[in-house]
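# Summary of the model geometry
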Amino acid sequence: MSGDWRNAWSAALDELELDVASIEAMLDDEHRHAETPPASLWKPPTELGALPLELRPRADEILTRQLKAAEEIARRMTATRQQMSMTTKIETGEAVKRPVYVDRAM
């Protein structure tokens, strides 16, 4: 039973690590995002019980990588928002839709 328990946890961590590696690769190659299908949400396996102690360092490393990837995604989202805000201020030469006031007192 303990071998099956450890193997089940190892398989769960393998799946989680592949998801993190996929996100890291996408962050490294910005053009790849357009070609990457949306990821399915990872669901923790049920009925596993507590994490075996010998797998704790691996689980901690995966968590650290997940947090780093999440920080990078948030940073890029903020930068994108700032860029979008700046592009709305650029005049393109097209007819500008501004209010026009006419002095009718003359």
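Just above, that's the structure.
Right, let's walk through the structure included here. (Residues numbered from 1 in each chain as written. Predicted model: local features only at pLDDT ≥ 70, side-chain atom pairs only at ≥ 80, totals over all residues. Heavy atoms only, no water.)

### Thoughts on helix 1 (residues 2–28)
- End to end, helix 1 covers 38 Å across 27 residues, agreeing with the expected 39 Å (1.5 Å per residue, within 8%).
- On the buried face of helix 1, the contacting elements are helix 2 (56–87). (Helix = DSSP H or I, 4+ residues; strand = E, 2+ residues; numbered from the N terminus. Expected span 1.5 Å × (residues − 1). Contact = heavy atoms within 4.5 Å.)

### Considerations on the packing of helix 1 against helix 2
- Between helix 1 and helix 2, the shortest axis-to-axis distance is 10 Å and the interhelical angle comes to 30°. Looking at the two axes, helix 1 sits roughly parallel to helix 2. For the pair helix 1 and helix 2, the sense of crossing is left-handed. Contacts between helix 1 and helix 2 involve Ser10, Leu13, Asp14, Leu16, Glu17, Val20, Ala21, Ile23, Glu24 and Leu27 from the first element and Arg58, Ala59, Glu61, Ile62, Arg65, Gln66, Ala69, Glu72, Ile73 and Arg76 from the second. (Axes fitted to C-alpha atoms, helices over the stretch in contact; angles between N-to-C directions. Parallel < 35°, antiparallel > 145°, perpendicular 65-115°, else oblique. Left-handed = near helix turned anticlockwise from the far one by under 90°.)

### Re helix 2
- In a regular helix each residue adds 1.5 Å, so 32 residues correspond to 46 Å; helix 2 covers 46 Å between its end C-alpha atoms and thus fits that length.
- Restricting attention to buried positions, one finds in helix 2 the residues Ala59, Ile62, Arg65 and Ala69. (Buried < 20%, exposed > 50% of the residue type's maximum accessible area, 1.4 Å probe, protein only.)

### Focus on the side chain of Ser10
- Considering the arrangement of structural elements, one finds Ser10 in helix 1.
- Take Ser10: its relative accessible area is 13%, and that puts it in the buried class.
- Ser10 has contacts with Leu55 and Arg58, leaving out every residue within four places of it along the chain.

### A word on the nonpolar core
- By size, the foremost hydrophobic cluster in this structure holds 9 residues: Trp9, Ala12, Leu13, Leu16, Val20, Leu48, Leu55, Ala59 and Ile62.
- For this core, the elements supplying multiple residues, two or more each, are helix 1 and helix 2.
- At 5 residues, helix 1 tops the list of elements feeding residues into this core. (Core = buried A, V, L, I, M, F, W, Y, C linked by side-chain atoms within 4.5 Å.)

### Looking at the side chain of Arg65
- Tracing the sequence through the fold places Arg65 in helix 2.
- Take Arg65: its relative accessible area is 18%, and that puts it in the buried class.
- When near neighbours in sequence (up to four residues on either side) are disregarded, Arg65 contacts Glu17, Val20, Ala21 and Glu24.

### Some details on the pattern of salt bridges
- As enumerated under the stated definition, the model contains 9 salt bridges in all.
- The salt bridge partner of Glu24 is Arg65, with a shortest N-O separation of 2.7 Å. One end of the pair, Glu24, is in helix 1; the other, Arg65, is in helix 2, and 41 residues separate them in sequence.
- On the basis of relative accessible area, Glu24 is assigned to the partly exposed category, the value being 26%. (Salt bridge = Lys/Arg side-chain N within 4 Å of Asp/Glu carboxyl O.)

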